[in-house]
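What follows is the residue order along each chain.
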Amino acid sequence: MSTFHEELLRHAEPVWKVVREHQFLAETAAGTIPREIFVRWMQQDYLFAREAIPFLAVLLARAPAALRRPLGEALAALSRELELFERLAREHQVALEGVSMLPTCHAYVQFLLATAYGRSFPEAFTVLYAAEKAYLDAWTWVKEKQQATSPWQAFIEQWTNPAFREYVHWLGQTLDALAEGASEATRVAMRELFLLTAQYEVRFWDMAWEGERWPVALP
Ligand code: MP5
(Lines give C-alpha, C1' and ligand atoms only; values in the text may rest on other atoms or scores of the structure.)
Protein backbone atom coordinates (compact mmCIF):
# COMPACT_ATOMS: atom_id res chain seq x y z
CA MET A 1 0.00 0.00 0.00
CA SER A 2 1.37 3.38 -0.89
CA THR A 3 1.46 6.24 1.56
CA PHE A 4 -0.52 9.45 1.14
CA HIS A 5 2.41 11.49 -0.13
CA GLU A 6 3.35 8.75 -2.62
CA GLU A 7 -0.23 8.76 -3.86
CA LEU A 8 -0.11 12.57 -4.31
CA LEU A 9 3.08 12.31 -6.34
CA ARG A 10 1.74 9.51 -8.53
CA HIS A 11 -1.48 11.41 -9.19
CA ALA A 12 0.47 14.58 -10.05
CA GLU A 13 3.10 12.85 -12.22
CA PRO A 14 2.18 14.55 -15.56
CA VAL A 15 2.69 17.98 -14.01
CA TRP A 16 5.44 16.81 -11.67
CA LYS A 17 7.55 15.68 -14.61
CA VAL A 18 7.49 19.28 -15.90
CA VAL A 19 8.25 20.61 -12.41
CA ARG A 20 11.31 18.34 -12.37
CA GLU A 21 12.51 18.47 -15.97
CA HIS A 22 11.59 21.93 -17.22
CA GLN A 23 13.76 23.46 -19.93
CA PHE A 24 15.06 25.97 -17.39
CA LEU A 25 16.46 23.04 -15.40
CA ALA A 26 17.74 21.16 -18.45
CA GLU A 27 19.72 24.20 -19.59
CA THR A 28 20.99 24.86 -16.07
CA ALA A 29 22.24 21.27 -15.97
CA ALA A 30 23.81 21.57 -19.43
CA GLY A 31 25.49 24.86 -18.52
CA THR A 32 23.76 26.61 -21.44
CA ILE A 33 21.29 28.70 -19.45
CA PRO A 34 21.55 32.37 -20.48
CA ARG A 35 22.64 34.56 -17.56
CA GLU A 36 19.66 36.89 -18.03
CA ILE A 37 17.24 33.98 -17.58
CA PHE A 38 18.98 32.57 -14.53
CA VAL A 39 19.14 36.04 -13.00
CA ARG A 40 15.39 36.48 -13.51
CA TRP A 41 14.77 33.25 -11.59
CA MET A 42 17.23 34.31 -8.89
CA GLN A 43 15.64 37.72 -8.34
CA GLN A 44 12.12 36.34 -8.26
CA ASP A 45 13.01 33.39 -6.07
CA TYR A 46 14.67 35.73 -3.58
CA LEU A 47 11.38 37.64 -3.33
CA PHE A 48 9.53 34.32 -3.07
CA ALA A 49 11.80 33.07 -0.27
CA ARG A 50 11.35 36.35 1.62
CA GLU A 51 7.57 35.87 1.52
CA ALA A 52 7.97 32.24 2.55
CA ILE A 53 8.92 33.61 6.00
CA PRO A 54 5.41 34.86 6.86
CA PHE A 55 3.94 31.74 5.23
CA LEU A 56 6.01 29.47 7.48
CA ALA A 57 5.50 31.70 10.48
CA VAL A 58 1.70 31.50 10.16
CA LEU A 59 1.94 27.73 9.71
CA LEU A 60 4.16 27.53 12.79
CA ALA A 61 1.71 29.56 14.86
CA ARG A 62 -1.09 27.15 13.89
CA ALA A 63 0.93 23.93 14.19
CA PRO A 64 0.33 21.16 16.72
CA ALA A 65 2.88 21.42 19.57
CA ALA A 66 4.98 18.51 18.28
CA LEU A 67 5.66 20.31 14.98
CA ARG A 68 6.71 23.67 16.44
CA ARG A 69 10.41 22.94 16.85
CA PRO A 70 11.02 21.44 13.39
CA LEU A 71 9.08 24.29 11.77
CA GLY A 72 11.10 26.77 13.83
CA GLU A 73 14.25 25.16 12.42
CA ALA A 74 12.82 25.47 8.92
CA LEU A 75 12.38 29.21 9.55
CA ALA A 76 16.02 29.49 10.62
CA ALA A 77 17.08 27.58 7.48
CA LEU A 78 15.13 30.06 5.37
CA SER A 79 17.11 32.90 6.86
CA ARG A 80 20.39 31.13 5.92
CA GLU A 81 18.98 30.59 2.44
CA LEU A 82 18.37 34.32 2.01
CA GLU A 83 22.00 34.90 2.99
CA LEU A 84 23.05 32.48 0.25
CA PHE A 85 21.04 34.47 -2.31
CA GLU A 86 22.65 37.68 -1.07
CA ARG A 87 26.17 36.21 -1.26
CA LEU A 88 25.67 34.85 -4.78
CA ALA A 89 24.11 38.14 -5.85
CA ARG A 90 27.26 39.96 -4.70
CA GLU A 91 29.55 37.44 -6.41
CA HIS A 92 27.65 37.57 -9.70
CA GLN A 93 26.76 41.29 -9.58
CA VAL A 94 23.03 40.65 -9.49
CA ALA A 95 20.69 43.30 -8.02
CA LEU A 96 18.22 41.94 -5.48
CA GLU A 97 16.85 45.22 -4.18
CA GLY A 98 14.46 47.36 -6.20
CA VAL A 99 13.16 44.36 -8.15
CA SER A 100 9.35 44.04 -8.45
CA MET A 101 7.54 40.75 -8.31
CA LEU A 102 6.40 39.43 -11.65
CA PRO A 103 2.75 38.30 -11.91
CA THR A 104 3.38 34.58 -11.36
CA CYS A 105 5.60 35.12 -8.34
CA HIS A 106 3.02 37.52 -6.94
CA ALA A 107 0.15 35.08 -7.48
CA TYR A 108 2.07 32.15 -6.00
CA VAL A 109 2.99 34.10 -2.87
CA GLN A 110 -0.63 35.26 -2.43
CA PHE A 111 -1.71 31.62 -2.75
CA LEU A 112 0.77 30.58 -0.04
CA LEU A 113 -0.42 33.24 2.38
CA ALA A 114 -4.12 32.67 1.67
CA THR A 115 -3.65 28.94 2.33
CA ALA A 116 -1.73 29.52 5.55
CA TYR A 117 -4.38 31.90 6.92
CA GLY A 118 -7.53 30.44 5.45
CA ARG A 119 -7.27 26.67 5.16
CA SER A 120 -6.97 23.87 7.72
CA PHE A 121 -3.48 23.08 9.02
CA PRO A 122 -3.16 19.78 7.05
CA GLU A 123 -4.15 21.61 3.85
CA ALA A 124 -1.62 24.41 4.39
CA PHE A 125 1.05 21.87 5.32
CA THR A 126 0.39 20.09 2.00
CA VAL A 127 1.37 23.26 0.15
CA LEU A 128 4.60 23.51 2.14
CA TYR A 129 5.41 19.87 1.35
CA ALA A 130 4.65 20.32 -2.37
CA ALA A 131 6.84 23.44 -2.70
CA GLU A 132 9.81 21.89 -0.89
CA LYS A 133 9.49 18.53 -2.64
CA ALA A 134 9.34 20.36 -5.99
CA TYR A 135 12.69 22.01 -5.31
CA LEU A 136 14.26 18.82 -3.99
CA ASP A 137 13.22 16.84 -7.08
CA ALA A 138 13.99 19.59 -9.60
CA TRP A 139 17.48 20.40 -8.32
CA THR A 140 18.26 16.71 -7.76
CA TRP A 141 17.45 16.15 -11.44
CA VAL A 142 19.82 19.00 -12.36
CA LYS A 143 22.57 17.55 -10.17
CA GLU A 144 22.17 14.10 -11.72
CA LYS A 145 22.27 15.50 -15.26
CA GLN A 146 25.09 18.01 -14.97
CA GLN A 147 28.47 17.09 -16.46
CA ALA A 148 30.44 20.05 -15.18
CA THR A 149 30.28 22.38 -12.20
CA SER A 150 27.85 25.22 -12.75
CA PRO A 151 28.55 28.88 -11.95
CA TRP A 152 25.33 28.53 -9.97
CA GLN A 153 26.45 25.36 -8.16
CA ALA A 154 25.70 26.74 -4.70
CA PHE A 155 21.99 26.83 -5.59
CA ILE A 156 22.12 23.24 -6.81
CA GLU A 157 23.69 22.21 -3.50
CA GLN A 158 21.17 24.27 -1.50
CA TRP A 159 18.27 22.01 -2.47
CA THR A 160 20.13 18.69 -2.80
CA ASN A 161 22.19 18.61 0.39
CA PRO A 162 21.51 15.75 2.84
CA ALA A 163 19.96 18.01 5.50
CA PHE A 164 17.44 19.41 3.00
CA ARG A 165 16.68 15.90 1.72
CA GLU A 166 16.06 14.77 5.30
CA TYR A 167 13.80 17.77 5.95
CA VAL A 168 11.67 16.97 2.90
CA HIS A 169 11.52 13.32 3.98
CA TRP A 170 10.25 14.48 7.37
CA LEU A 171 7.68 16.73 5.66
CA GLY A 172 6.40 13.73 3.67
CA GLN A 173 6.08 11.51 6.73
CA THR A 174 4.40 14.26 8.71
CA LEU A 175 2.00 14.86 5.84
CA ASP A 176 1.07 11.15 5.89
CA ALA A 177 0.30 11.36 9.62
CA LEU A 178 -1.79 14.51 9.13
CA ALA A 179 -3.71 12.87 6.28
CA GLU A 180 -4.44 9.84 8.42
CA GLY A 181 -6.09 12.00 11.06
CA ALA A 182 -8.00 14.10 8.51
CA SER A 183 -11.54 13.69 7.12
CA GLU A 184 -12.04 12.48 3.55
CA ALA A 185 -13.15 16.01 2.58
CA THR A 186 -9.86 17.40 3.91
CA ARG A 187 -7.88 14.75 2.07
CA VAL A 188 -9.64 15.71 -1.17
CA ALA A 189 -8.70 19.35 -0.53
CA MET A 190 -5.11 18.30 0.19
CA ARG A 191 -4.92 16.52 -3.19
CA GLU A 192 -6.26 19.62 -4.95
CA LEU A 193 -3.80 21.90 -3.19
CA PHE A 194 -0.89 19.61 -3.99
CA LEU A 195 -1.77 19.75 -7.69
CA LEU A 196 -2.30 23.51 -7.61
CA THR A 197 1.08 24.02 -5.98
CA ALA A 198 2.68 21.84 -8.66
CA GLN A 199 1.03 24.00 -11.33
CA TYR A 200 2.42 27.14 -9.70
CA GLU A 201 5.87 25.56 -9.66
CA VAL A 202 5.66 24.97 -13.42
CA ARG A 203 4.48 28.54 -13.96
CA PHE A 204 7.42 29.77 -11.90
CA TRP A 205 9.90 28.00 -14.22
CA ASP A 206 7.93 29.32 -17.23
CA MET A 207 8.14 32.85 -15.84
CA ALA A 208 11.91 32.55 -15.44
CA TRP A 209 12.37 30.96 -18.84
CA GLU A 210 10.06 33.13 -20.93
CA GLY A 211 9.94 36.35 -18.95
CA GLU A 212 6.71 38.02 -17.94
CA ARG A 213 5.32 41.50 -17.59
CA TRP A 214 2.41 43.26 -15.99
CA PRO A 215 0.00 44.80 -18.51
CA VAL A 216 1.13 48.23 -17.33
CA ALA A 217 4.57 48.72 -15.82
CA LEU A 218 4.35 49.13 -12.04
CA PRO A 219 6.01 52.24 -10.61
C1 MP5 B 1 10.97 26.80 -3.22
C2 MP5 B 1 11.50 28.00 -3.70
C3 MP5 B 1 11.59 26.05 -2.08
N4 MP5 B 1 12.59 28.55 -3.17
N5 MP5 B 1 10.91 28.63 -4.76
C6 MP5 B 1 9.82 28.09 -5.33
C7 MP5 B 1 9.18 28.79 -6.47
N8 MP5 B 1 9.31 26.95 -4.88
C9 MP5 B 1 9.86 26.30 -3.84
O10 MP5 B 1 11.38 26.69 -0.87
P11 MP5 B 1 12.63 27.03 0.08
O12 MP5 B 1 12.02 27.74 1.24
O13 MP5 B 1 13.53 27.93 -0.74
O14 MP5 B 1 13.32 25.74 0.43
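The sections below set out a description of the structure shown in this document. (Residues numbered from 1 in each chain as written. Predicted model: local features only at pLDDT ≥ 70, side-chain atom pairs only at ≥ 80, totals over all residues. Heavy atoms only, no water.)

This next bit is on the overall build of the chain. Scanning the chain from terminus to terminus reveals 10 helices and zero strands. Shown N-terminal to C-terminal, the secondary structure of the chain runs as helices and strands in the order α-α-α-α-α-α-α-α-α-α. Principal-axis analysis of the C-alpha atoms places the extent of the chain at approximately 50 × 40 × 35 Å. Counting across all 219 residues of the chain, residues that qualify as buried make up 53%. Accessible surface, the chain as shown: approximately 10600 Å² in total, 55% of it carbon and sulfur. Charged side chains in the chain number 21 positive and 28 negative. The centres of these two groups are separated by 1 Å. (Helix = DSSP H or I, 4+ residues; strand = E, 2+ residues; numbered from the N terminus. Buried < 20%, exposed > 50% of the residue type's maximum accessible area, 1.4 Å probe, protein only. Areas by Shrake-Rupley, 256 points an atom, 1.4 Å probe, with all protein chains shown as cover. Lys, Arg positive; Asp, Glu negative; His and termini not counted. Charge placed at Lys NZ, Arg CZ, Asp CG, Glu CD.)

Here the focus is unusual backbone geometry. Residues other than glycine seldom take positive phi values, yet Gln93 does so here, at roughly 50°. Tracing the chain through its elements places Gln93 in the loop between helix H5 (65-91) and helix H6 (103-118).

Membership of the largest hydrophobic core comes to 82 residues, with the highest contact counts inside it found for Phe24, Trp41, Met42, Phe125, Leu128, Trp139 and Phe155. Among the elements that make up this core, the one with the highest residue count is helix H7 (residues 121-145) (15 residues). Apart from the residues within four sequence positions on either side, Phe125 is in contact with Leu59, Leu67, Leu71, Trp170, Leu171, Thr174, Leu175 and Leu178. (Core = buried A, V, L, I, M, F, W, Y, C linked by side-chain atoms within 4.5 Å. Contact = heavy atoms within 4.5 Å.)

Turning next to the site of the ligand. Around the ligand, the neighbouring residues are Asp45, Phe48, Leu78, Glu81, Tyr108, Ala131, Glu132, Tyr135, Trp159, Phe164, Glu201 and Phe204. Asp45 places a side-chain nitrogen or oxygen 2.6 Å from a nitrogen atom of the ligand. Take Tyr135: an N or O atom from its side chain is 3.2 Å from a nitrogen atom of the ligand. For the ligand, whose accessible area on its own is 360 Å², the fraction buried by protein is 96%. Of all the secondary structure elements, the ones that give two or more residues to the shell around the ligand are helix H4 (35-62), H5, H7 and helix H10 (184-210). Residue composition of the shell around the ligand, grouped by class: eight nonpolar, no polar and four charged. (Near = heavy atom within 4 Å. Polar contact = N/O pair within 3.5 Å; in protein donor to acceptor, adjacent residues only side chain to side chain. Nonpolar A, V, L, I, M, F, W, Y, C, P; charged D, E, K, R; others polar.)

Turning our attention to the packing of aromatic side chains. Per the stated rule, a full pass over the model turns up 31 aromatic pairs. Here the aromatic rings of Trp41 and Phe155 are separated by 5.1 Å at their centres, their planes lie at 90°, and the arrangement is edge-to-face. One end of the pair, Trp41, is in helix H4; the other, Phe155, is in helix H8 (residues 153-158), with 114 residues separating them in the sequence. On the accessibility criterion, Trp41 (0% relative accessible area) is buried. Of the residues examined, Phe155 reaches a relative accessible area of 0% and is grouped as buried. Among the aromatic side chains, those forming a connected cluster through ring pairs are Phe24, Phe38, Trp41, Tyr46, Phe85, Tyr135, Trp139, Trp152, Phe155, Trp159 and Trp205. (Phe/Tyr/Trp six-rings, centres within 6.5 Å; stacked < 30°, edge-to-face > 60°.)

Under the defined criterion, the tally for this structure stands at 13 salt bridges. The partner of Glu123 in a salt bridge is Arg119, with the nearest N and O atoms 2.9 Å apart. Judged by its relative accessible area of 8%, Glu123 falls in the buried class. With relative accessibility at 32%, the residue Arg119 sits in the partly exposed group. Between Arg203 and Asp206 there is a salt bridge; the shortest N-O distance is 3.0 Å. Of the two residues, Arg203 and Asp206 are both situated in helix H10; the distance of three residues between them amounts to about one turn of the helix. Given the relative accessible area of 38%, Arg203 is considered partly exposed. (Salt bridge = Lys/Arg side-chain N within 4 Å of Asp/Glu carboxyl O.)

Turning our attention to H6. Taking 1.5 Å per residue as the helical rise, H6 with its 16 residues ought to reach 22 Å, and the 22 Å between its terminal C-alpha atoms agrees with that figure. Of all the residues in H6, the buried ones are Pro103, Thr104, Cys105, Tyr108, Val109, Phe111, Leu112, Leu113, Thr115 and Ala116. Buried residues belonging to H6 abut H4, H7 and H10. (Expected span 1.5 Å × (residues − 1).)

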